[in-house]
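Structural overview
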Amino acid sequence: AQKVTQAQTEISVVEKEDVTLDCVYETRDTTYYLFWYKQPPSGELVFLIRRNSFDEQNEISGRYSWNFQKSTSSFNFTITASQVVDSAVYFCALSEAGGGYQKVTFGTGTKLQVIP
Amino acid sequence: DVKVTQSSRYLVKRTGEKVFLECVQDMDHENMFWYRQDPGLGLRLIYFSYDVKMKEKGDIPEGYSVSREKKERFSLILESASTNQTSMYLCASGAGGVTYEQYFGPGTRLTVT
């Protein structure tokens, strides 16, 4: 069965601090996909990144970076030099497809508050 | 930019009413999805559609049905609304199935009294 755990319910940081959002997943499939989405106060989820299970290369995009480690089943998200605009709820998601099924599981989200 | 719009931001309905939530996307995406979002539960997939008139059940389809008569429009129907269906409903679209990124609408907060 699929499971995504975001153990951090809420995090507060002061602007310019670095912050890491944790995501741990469970799956029996060897082929799967991981995602991060951002949900700002306006409510609309915004896609940030997609990773497949065969690509463990870390990725950096500006102040955002992602660390994918299959050995620990984790896909953590780091924001460097946080800004007030980073305040949002962040969701990690896991999806699988094949053999006539499609399944996606979202974590419960981490609410990040960046204090000026 | 992908645009996904939902017919209402806020909706209040009475128990037993039939409720229609509409979603429209403008990117010619094959796939569309309906989720509900509840505190402490994250997003849960209700139904998705991979083509016109085609649909698949998600994790929590009970009490819901869907309709996709045109590619750009995906409707979620609550046949007889109940208070436990009070929630935020999010529509999404994507070029692929669940293994591809999805683009979300602003959500409809439905309250059933």
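Residues numbered from 1 in each chain as written. Chains lettered and ligands numbered in written order. Predicted model: local features only at pLDDT ≥ 70, side-chain atom pairs only at ≥ 80, totals over all residues. Heavy atoms only, no water.

As a further point, take the layout of surface pockets. For the largest pocket, the calculated volume is near 550 Å³. Considering the residues around the largest pocket, the lining is formed by 25 residues, among which Gln 39, Val 89, Phe 91 and Lys 111 of chain A together with Gln 37 of chain B are closest to the centre. Elements supplying a minimum of two residues to the lining of the largest pocket: strand E10 (88-98) and strand E12 (110-115) of chain A together with strand E4 (31-38) of chain B. Ranked by the residues each element gives to the lining of the largest pocket, the list is headed by E12 of chain A, at four residues. (1 Å grid on protein atoms, 1.4 Å probe; cavity = no way out; pocket = protein on both sides within 12 Å on 5 of 7 lines; lining within 4 Å. Points joined across faces, edges and corners; volume = space filled by probe spheres on them. Helix = DSSP H or I, 4+ residues; strand = E, 2+ residues; numbered from the N terminus.)

Moving on, we get to the interface of chain B and chain A. Contact with chain B, which involves 20 residues of that partner, is made by 20 residues of chain A. Where chain B abuts chain A, roughly 1800 Å² becomes buried across the two surfaces, and 56% of that area is made up of carbon and sulfur atoms. Considering only the surface of chain B that becomes buried against chain A, Val 98, Thr 99 and Phe 104 of chain B emerge as the three largest contributors, covering 32% of it. Where chain B packs against chain A, one counts one salt bridge. Across the pair Asp 59 of chain B and Lys 103 of chain A runs a salt bridge, and its minimum N-O distance is 2.8 Å. Linking chain B to chain A there are six residue pairs in polar contact (both at pLDDT 80 or more). (Contact = heavy atoms within 4.5 Å. Buried area = accessible area lost by both parts, 1.4 Å probe. Salt bridge = Lys/Arg side-chain N within 4 Å of Asp/Glu carboxyl O. Polar contact = N/O pair within 3.5 Å; in protein donor to acceptor, adjacent residues only side chain to side chain.)

Turning our eyes to something else, we now look at unusual backbone geometry. Backbone geometry follows two general trends: most residues other than glycine have a negative phi, and most peptide bonds adopt the trans configuration. The backbone of Ser 73 of chain A shows a phi angle near 50 degrees, a positive value even though the residue is not glycine. Looking at the element boundaries, Ser 73 of chain A is found in the loop between strand E8 (64-69) and strand E9 (74-79). A relative accessible area of 24% places Ser 73 of chain A in the partly exposed class. Its identity as a non-glycine residue notwithstanding, Asp 28 of chain B has a phi of 60 degrees, on the positive side. You can see Asp 28 of chain B is positioned in the loop between strand E3 (19-25) and E4. (Buried < 20%, exposed > 50% of the residue type's maximum accessible area, 1.4 Å probe, protein only.)

So, about the confidence of the model for chain A. Residues of chain A with pLDDT of at least 70 account for 98%, and the chain-wide mean is 94. The least confident element of chain A is strand E11 (residues 101-106) of chain A, whose mean pLDDT is 86; the most confident is strand E3 (residues 19-21) of chain A, at 98. (pLDDT = per-residue confidence, 0-100.)

Moving on, we come to the side chain of Thr 110 of chain A. Residues and elements named next belong to chain A. Tracing the sequence through the fold places Thr 110 in strand E12. Within polar-contact distance, the side chain of Thr 110 engages the backbone oxygen of Gln 8 at 2.6 Å. In this view, Thr 110 contacts Gln 6, Gln 8, Thr 9, Ile 11, Leu 21, Ala 88, Val 89 and Tyr 90; residues no more than four positions away in its chain are not counted.

Here we take up the packing of aromatic side chains. Tallying each qualifying case throughout the model produces 18 aromatic pairs over all chains. Arranged with centres 5.7 Å apart and planes meeting at 75 degrees, the rings of Phe 68 of chain A and Phe 75 of chain A form a pair that is edge-to-face. On the basis of relative accessibility, which here comes to 0%, the residue Phe 75 of chain A falls in the buried class. For the pair Phe 77 of chain A and Tyr 90 of chain A, a centre-to-centre distance of 5.5 Å together with 65 degrees between the ring planes defines the contact as edge-to-face. A residue pair is termed long-range when its members are at least 10 positions apart, and Phe 77 of chain A in strand E9 and Tyr 90 of chain A in strand E10 qualify at 13 residues. Taking the relative accessible area as the measure of exposure, Phe 77 of chain A reaches 0% and is therefore buried. Three or more aromatic residues joined by ring pairs make a cluster, and in this case those are Phe 35, Tyr 37, Phe 47 and Phe 106 of chain A together with Phe 33, Tyr 35, Phe 48 and Phe 104 of chain B. (Phe/Tyr/Trp six-rings, centres within 6.5 Å; stacked < 30°, edge-to-face > 60°.)

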